[in-house]
Every structure is written in C-alpha cells, then in structure tokens.
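# Summary of structural features
The lines below spell out each chain.
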Amino acid sequence: MSAHRDPSRADAREELLARIESDLAAQLSSKPRRLAHSRSVADTAERLAMAYGVDPFLARCAGLLHDWEKAASGVEQEARARELGIDMGVDLSLVRPLLHGIIAARALPARYPELPDEVWHAIETHTVAAADMGPLDEVLFVADGIEPLRPPSPGIERVRSLVGEATLDDLFWESFVGGVVYVVEGGRYLYPGTVDVYNALAARRAADRA
Ligand SMILES: [Fe+2]
C-alpha cells in the first residue's frame, strides 16, 4: 500500500469551495444582504444543477461568485468597465446594473485559474443573457431569479413552480422573459442587446415548434 495519497478530485473541490466561501465573505463583508443572496443563489444553482444534469460543483462556484463585483458601487463599476474597455454599444451609465457580471468574468479567472471558462461565461451572461446560453449559464440565470430570499412576484412564483417540470431551456426562457417584463413594467431602460437576445431566442423557439 502506498504511503502517499494524492488529494482526490473531491478533496480539491472541497478546498476550492472553502477558499471561495471565505474570500466571498471578506469581499462582501460590508454587504450582508448581498452575501446572503450569493449563498442562496449558490444553493439554488446547485439544486437546479442536480435536477438538470449539470455539474453541481461548477454551479455552486458560479452562484457564489456571480455578484462579486457588487462590492463596488454602480459608479465605481462604470469606471472599472471603462478601464477594462468594455463596450456595450451604449453609454455605460445606462447599463450599470448589467456591468458587474462582465467585469467579474474578466477579473476573476486570474484569481481562480482552477475554474473552467464555463463558470466565467455563466457569470458574464447572468445579467445580459445570450442567444447561445449553455446549461450552466441557464442554471445560474434561473437561480439568480428565483433564489428563496427574493421576494415573490407572480413571475418568480411561476418559474419556481416549473422547476423539475419544465425543461431547463423553458425554465430559462420563462425567467428571461419575466426579467424583460419587469424592466418594461418598471419603465426602466431596456438594453438593446436584451432585445436582440429575446428576438434570437423567440425565433429559435418558433422554429423548434414548426
Ligand atoms: Fe445576483
């Protein structure tokens, strides 16, 4: 019997999760509600991942880290996005709520090189979505929208009731459309990129039904 035992994959994953959880507690120490939301998204993403055949470890990591950049104010995020040369095709002051995912996807890979690109893509698309959402992207997007600390609305309750019943694509679609309706009903600025994603998804869904 060998005296050596390489850390198993499970051990390495546990260690990385513990490091991310302690880093996150420090990063969001002045924002306890944001920290609680991040942990709740991680739990929800892990549960959705298990229900839909997605890697629950990656879902948990993405959930924990998705709002990392929200430690900064909207003004600071806008300044950081300008520094990074992020181009959204519109004035960045209009899309401040969308920037944190994109900034995190650029900044965090250097800190956690162990994590695959899938995690960063999920974090990048959790606010803006994309026409080519993969399963982990969809899991994070939905988890962010329905985590149990989010106050219920008819749209959120509907998505919650569909978990395990609808396909992951359909669950994401319902959650995405609910987000668009929320923006429009509130008279908020609707990012043109979101309209493009909506139209691409709607066209694909119509073609799939034909
Ligand atoms: Fe979030």
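Preceding block: the structure.
The structure contained in this document is the topic of the report that follows. (Residues numbered from 1 in each chain as written. Predicted model: local features only at pLDDT ≥ 70, side-chain atom pairs only at ≥ 80, totals over all residues. Heavy atoms only, no water.)

## Structural notes on the coordination of the iron ion
Four donors placed tetrahedrally about a metal ideally form angles of 109.5 degrees, and six donors placed octahedrally ideally form angles of 90 or 180 degrees. Protein coordination at the iron ion: the donors are His37 (NE2), His66 (NE2), Asp67 (OD) and Asp144 (OD), at 2.1 to 2.4 Å from the metal. Around the iron ion sit four donor atoms; with metal-centred angles ranging over 80 to 168 degrees, the donor geometry is irregular. All donors of the iron ion come from a single chain, and their spacing in sequence reads H-x28-H-D-x76-D. Here the residue Asp67 occupies a position in the loop between helix H3 (56–65) and helix H4 (74–83), and Asp144 occupies one in helix H7 (residues 135–146), the gap between them amounting to 77 residues. Grouping residues by exposure puts Asp67 and Asp144 together as buried. (Donors = N, O, S within 2.8 Å, 3.2 Å for Na, K, Ca; no water. Tetrahedral: all angles 85-135°; square planar, octahedral: opposite > 155°, others 65-115°. Helix = DSSP H or I, 4+ residues; strand = E, 2+ residues; numbered from the N terminus. Buried < 20%, exposed > 50% of the residue type's maximum accessible area, 1.4 Å probe, protein only.)

## Quick word on unusual backbone geometry
Phi is positive for Ala129, which is not a glycine, with a value near 60 degrees. Looking at the element boundaries, Ala129 is found in the loop between helix H6 (117–128) and H7. The buried category is assigned to Ala129, whose relative accessible area is 6%.

## With respect to helix H10 (residues 192–209)
In a regular helix each residue adds 1.5 Å, so 18 residues correspond to 26 Å; H10 covers 26 Å between its end C-alpha atoms and thus fits that length. Listed as buried for H10 are Gly193, Thr194, Val197 and Leu201. Each buried residue of H10 lies within a common arc of 100 degrees when the element is viewed along its axis, so the set occupies one face. When the buried face of H10 is taken as reference, the exposed residues oriented beyond 90 degrees from it are Asp196 and Ala207. Check the buried side of H10 and you find it contacts H6 and helix H9 (168–185). (Expected span 1.5 Å × (residues − 1). Arc of directions from axis to C-beta. Contact = heavy atoms within 4.5 Å.)

## Looking at the pattern of salt bridges
Overall, the coordinates contain 15 salt bridges when judged by the stated rule. When the shortest N-O distance is used, the salt bridge between Glu83 and Arg80 registers 3.1 Å. One end of the pair is Glu83 and the other is Arg80, both in helix H4 and three residues apart, which spans about a single turn. Classification of Glu83 as exposed rests on a relative accessible area of 62%. Linked by salt bridges that have partners in common, Glu21, Asp43, Glu46 and Arg60 make up one network. (Salt bridge = Lys/Arg side-chain N within 4 Å of Asp/Glu carboxyl O.)

## With respect to the packing of aromatic side chains
Two descriptors summarise a pair of aromatic rings, namely the distance from one centre to the other and the angle between the planes of the rings. The final tally for this structure, using the stated rule, is four aromatic pairs. Note on Trp173 and Tyr198: the rings are 5.6 Å apart at their centroids and 25 degrees apart in plane angle, and the pair reads as stacked. Of this pair, Trp173 sits in helix H9 while Tyr198 sits in helix H10, and the two are 25 residues apart along the sequence. For Trp173, a relative accessible area of 14% corresponds to the buried category. An aromatic cluster is present here, built from Phe141, Phe172 and Phe176 joined pairwise through their rings. (Phe/Tyr/Trp six-rings, centres within 6.5 Å; stacked < 30°, edge-to-face > 60°.)

## Section: the environment of Ile103
Inspection of the secondary structure puts Ile103 in helix H5 (residues 96–107). Under the relative-accessibility criterion, Ile103 is labelled buried at 0%. A sequence separation of 98 residues divides Ile103 from Leu201, and the C-alpha atoms of the two residues are 25 Å apart. If sequence neighbours within four positions are ignored, Ile103 has contacts with Glu69, Gln77, Arg80, Ala81, Leu84 and Ile86.

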